[in-house]
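Survey of secondary and tertiary structure
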Amino acid sequence: MTDRTLITVAPTGAETAKADAPALPVTLDELVGAARDCAELGASVIHVHIRDDMARPTLDLGRLRETVAALRASTDLVVQLSSGGAVTDPEADRLRVLDAEPDAASCTMGTVNFGADVFLNRWEFVVELHRRMQEREVVPEYEIFDLGHLAALHRLLGRYGPPYGGHVHCDLVMGVPGGMPGDVATLVAAVAALPAGATWSATGIGRTTLPVMFGALGAGGHLRVGMEDTLTFARGRPVARNAELVERAAELARIAQRPPMRPAEARAFLGIPARSAGQ
Ligand code: KMH
Ligand code: ZN
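Below is a summary of the structure that appears in this document. (Residues numbered from 1 in each chain as written. Chains lettered and ligands numbered in written order. Predicted model: local features only at pLDDT ≥ 70, side-chain atom pairs only at ≥ 80, totals over all residues. Heavy atoms only, no water.)

1. A closer look at the coordination of the zinc ion (ligand 2)
Donor atoms from the polypeptide that bind the zinc ion (ligand 2) are His-47 (NE2), His-49 (NE2) and Glu-228 (OE), placed at 2.1 Å. Sequence spacing among the residues donating to the zinc ion (ligand 2) works out to H-x1-H-x178-E. Taken as a pair, His-47 in strand 2 (residues 45-48) and Glu-228 in the loop between strand 12 (222-225) and strand 13 (232-234) lie far apart in primary sequence, 181 residues in all. As far as burial versus exposure is concerned, His-47 and Glu-228 are alike and both buried. (Donors = N, O, S within 2.8 Å, 3.2 Å for Na, K, Ca; no water. Helix = DSSP H or I, 4+ residues; strand = E, 2+ residues; numbered from the N terminus. Buried < 20%, exposed > 50% of the residue type's maximum accessible area, 1.4 Å probe, protein only.)

2. Some details on the packing of aromatic side chains
For the coordinates displayed, the defined rule picks out three aromatic pairs. Seen from their ring centres, Phe-119 and Phe-145 are 5.7 Å apart, and the 75° between their planes marks the pair as edge-to-face. Here Phe-119, found in strand 8 (residues 117-119), pairs with Phe-145, found in the loop between strand 9 (139-144) and helix 5 (147-160); they are 26 residues apart in sequence, far enough to count as distant. Taken individually, Phe-119 and Phe-145 each receive the classification buried, so the pair is uniform in this respect. Grouping aromatic residues by their ring pairs yields a cluster made of Phe-114, Phe-119 and Phe-145. Residue placement shows Arg-155 over the ring face of Trp-123; its charged tip is 4.1 Å from the ring centre. (Phe/Tyr/Trp six-rings, centres within 6.5 Å; stacked < 30°, edge-to-face > 60°. Lys NZ or Arg CZ within 6 Å of the ring centre and 35° of its normal.)

3. Some details on the site of ligand 1
Taken together, Glu-15, His-47, His-49, Ser-82, Gly-84, Gly-85, Val-87, Ser-106, Thr-108, Phe-114, Phe-119 and Glu-228 make up the full set of residues adjacent to ligand 1. Between Ser-106 and ligand 1, the recorded distance is 2.6 Å, taken from a side-chain N or O atom to an oxygen atom. Within the side chain of Glu-228, one N or O atom sits 2.9 Å away from an oxygen atom of ligand 1. Coverage of ligand 1 by the protein chains reaches 97% of its 300 Å² of free accessible surface. Counting atoms within 2 Å of the grid points, the majority share of ligand 1 lands in the largest pocket. The class makeup of the residues in the shell around ligand 1 is three nonpolar, seven polar and two charged. (Near = heavy atom within 4 Å. Polar contact = N/O pair within 3.5 Å; in protein donor to acceptor, adjacent residues only side chain to side chain. Areas by Shrake-Rupley, 256 points an atom, 1.4 Å probe, with all protein chains shown as cover. 1 Å grid on protein atoms, 1.4 Å probe; cavity = no way out; pocket = protein on both sides within 12 Å on 5 of 7 lines; lining within 4 Å. Sits in = over half its atoms within 2 Å of the grid points. Nonpolar A, V, L, I, M, F, W, Y, C, P; charged D, E, K, R; others polar.)

Structure representation (structure tokens):
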């Protein structure tokens with residue numbers, strides 16, 4: 001078990017409308033502001049979805065490049081772009097995300113029902129994403145929405161080799177309606193099925209946030225929090241800002257005697273090359 005906790009913030013996502021959650025960071029200024037606050041409180045990785053001028057999800061390459069540059073100029077967070085986008089995004093646009101040259105990107109390991117929608121991740125698409133990340137020196141985070149996705153990850157690594165950087169890190173995304181449930185029994189089963197040597201974070205969607213967070217800390221895992229995954233801080237109390245979710249995660253990590261990693265430690269942990277300020 002590592003003696004530090006990697007905290008990823010996922011501040012925006014693609015599913016929630018600004019009108020439904022006014023604290024959601026949707027402009028570049030809002031995103032950078034949230035990133036700074038979260039970095040100060042213990043986040044070391046930011047998982048990024050961006051929005052257009054109407055606050056709709058977009059994978060516009062120019063905007064993604066601008067976002068990567070702005071986050072690097074203002075924080076030393078590991079910048080992880082979402083290659084998942086929104087359920088409506090075409091595969092070509094999702095692959096093009098890598099052209100924005102982030103430190104890291106998500107790579108979802110299979111298709112999953114996603115509420116009333118389907119988050120489609122065909123095997124050939126996953127292979128293409130993994131191979132392009134190897135070529136472009138982008139470190140993947142394998143997103144696991146269901147236990148079968150771990151079988152797919154074993155197959156992927158067996159056939160196409162390790163990711164860039166050589167280290168396998170997974171994020172267990174639990175409690176999506178249609179995916180694996182967000183409870184401790186499922187978390188334990190998922191951890192048991194990870195590839196040897198892999199590290200992992202976990203996030204629980206909606207009301208599964210706390211059970212997943214406590215389970216992950218107890219089992220030696222790392223944490224992802226943010227308004228992409230949770231809009232309610234406590235029963236009847238909406239999240240006021242992403243930073244309070246990071247603050248709570250950091251406090252629990254300290255109580256678990258595994259305080260938050262700094263971004264430089266997170267880079268070494270994930271196999272991401274060091275970067276000097278502003279680069
Ligand atoms: N928005 C979901 C459909 C990822 O970022 O890679 C997919 C998602 C996963 O959020
Ligand atoms: Zn995402």
